[in-house]
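Coordinates in review
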Amino acid sequence: MDVQPDDLPDGLVVADGAGRVVCFNAAAARITGRSREEALGSPLHTALPLEDLDGRRWWQLTDPYRGLAIRSAQPERNLLLPGGHEVLVAARYVRDRPRGPVERVVVTLRGTEARRRTERSHAELIATVAHELRSPLTSVKGFTATLLAKWERFTDDQKRLMLETVNADANRVTRLIAELLDISRIDSGRLEVRRQRLDLPAVVRRHVEAHIAAGEPASRFRTEIADSLPDLWADPDKIEQVLANLLENAVRHGEGTVTIEVRPASSPREPGAAGTAVTVSDEGPGIPEESMSRVFTRFWRGSRRGGTGLGLYIVKGIVEAHGGVISVERAQGAGRAEAAGRPQAGAGAGGEGAGASGARFRFILPVGAPAFLA
């Protein structure tokens, strides 16, 4: 297969043994703002007038043609083009024989935007974690120090209240650490999925019962589970995490009835193969259209603050690690009712044709058994 320089996503500049540019691809022209015609045939230091971050001319510092004969490359580093435009530059010195003269200098160029976005994301993550950890750890430290210093002064009820608070805050720290580990595995592609046969309807009922036990009225939840579902093989702990997050969002940030549907569906990535779809919808204000594309990104919290904003990012990572897909939309009928200027009806079952408002999250998982059982 013949790959042309212009096919490369990074900038490519090649200079011959005399230091004249013989290749200047389209990406290099885009990154430098210099035309190919202007660059070809010109000296390398003219086509690429690079400086280091201290303002020193890079080609004079590195001197590829007259420098050390054992040197074969320059590692990637941040350098500056005229106007202060920052680029990532790496170079290789090609010799026909060891310690021979440099026959070609091959230079690659990349923009720094992607790296800066990554660095910014990491900085935001660290700042978020530091903020979220500070509050529970301050509480734990304060209550334990108080109990140790003045144990005899408190009644049993006061001690119990303090210890319950410490326990709740310790659980919060544990959850945050688990989220960080999940994010690390998702970002590196190392999120492990241990598939087992999973009774998804039982998982849904268990989570609904937990919310009722915590004080939510039973009338707030409606479940619609199909009579015949294909066998689902999935990681129980991780699917529990997905359902817990979606239900928590619907209960905390939504309003009215929370509807959970479980139905057969086509596998999202294998047309014709079986899958299972789970839909969680509510009757709250919904998600603005302009925010739909950011719902599953890090730190998205919507209009109401609270939490780390990492939950839905992790949910998406878990679903995709199972080979599934997840989406969010306004509940059925919300846009039509608003456009017509009519009051919106209740969510009901959230089925087709029902007038509703609120958010509607839907994920689909493939249901095939693991390869070793096939």
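So, here's what we can say about the structure. None of these values were measured; they are calculated from a predicted model.

Let's shift gears to the side chain of T276. Within the fold, T276 resides in strand β10 (residues 274–281). Owing to a relative accessible area of 3%, T276 belongs among the buried residues under this scheme. Dropping the residues within four chain positions of it, T276 is found in contact with L200, P230, V262, R263, A265, F363, I364, L365 and V367.

With 33 residues, helix α6 (residues 156–188) should reach 48 Å at 1.5 Å per residue; the first-to-last C-alpha distance of 48 Å fits that figure. For α6, every residue scored as buried is listed here: K159, M162, V166, D169, V173, L176, E179, D182, I183 and I186.

Looking now at the pairing of strand β2 (residues 21–24). Here is the key point about a regular strand: its side chains alternate between the two faces of the sheet. Sheet analysis places strand β1 (residues 11–15) next to β2, joined by three bridges and oriented antiparallel. The partner of A15 across the bridge, within β2, is V21. The loop that links β1 with its antiparallel partner β2 comprises five residues; one of these, G19, has a positive phi angle of about 85°.

Quick look at the sheet that holds strand β12 (residues 359–366) now. In spatial order, the strands read β7-β9-β10-β12-β11; together these five strands make up an open sheet with mixed pairing. Only two strands of the sheet have a single partner each, and these edge strands are β7 (221–225) and β11 (325–330). Mean inter-strand twist for the sheet, computed between neighbouring axes without regard to direction, equals 15°. The sheet contact formed by strand β9 (residues 258–266) and β10 spans eight bridges and is antiparallel. Across the sheet, the residue bridging to R263 is A277, located in β10. The sheet contacts of helix α7 (residues 200–213) involve β7, β9 and β10, and relative to β7 the element is tilted by about 175°.

To continue, consider the nonpolar core. Judged by nonpolar contacts, the single largest core of 46 residues is most densely connected at I260, F361 and F363. Here this core gets seven residues from one element, more than from any other, and that element is helix α8 (residues 236–253). Excluding residues that lie within four positions of it along the chain, I260 makes contacts with V204, V208, F221, R222, T223, E224, L247, V278, T279 and V280. Counting residues in each nonpolar core, the second largest holds 23 residues, with I31, A47, W58 and V89 among its members.

The rules behind the values
Residues numbered from 1 in each chain as written. Predicted model: local features only at pLDDT ≥ 70, side-chain atom pairs only at ≥ 80, totals over all residues. Heavy atoms only, no water. Helix = DSSP H or I, 4+ residues; strand = E, 2+ residues; numbered from the N terminus. Buried < 20%, exposed > 50% of the residue type's maximum accessible area, 1.4 Å probe, protein only. Contact = heavy atoms within 4.5 Å. Expected span 1.5 Å × (residues − 1). Pairing = 2+ DSSP bridges. Axes fitted to C-alpha atoms, helices over the stretch in contact; angles between N-to-C directions. Core = buried A, V, L, I, M, F, W, Y, C linked by side-chain atoms within 4.5 Å.

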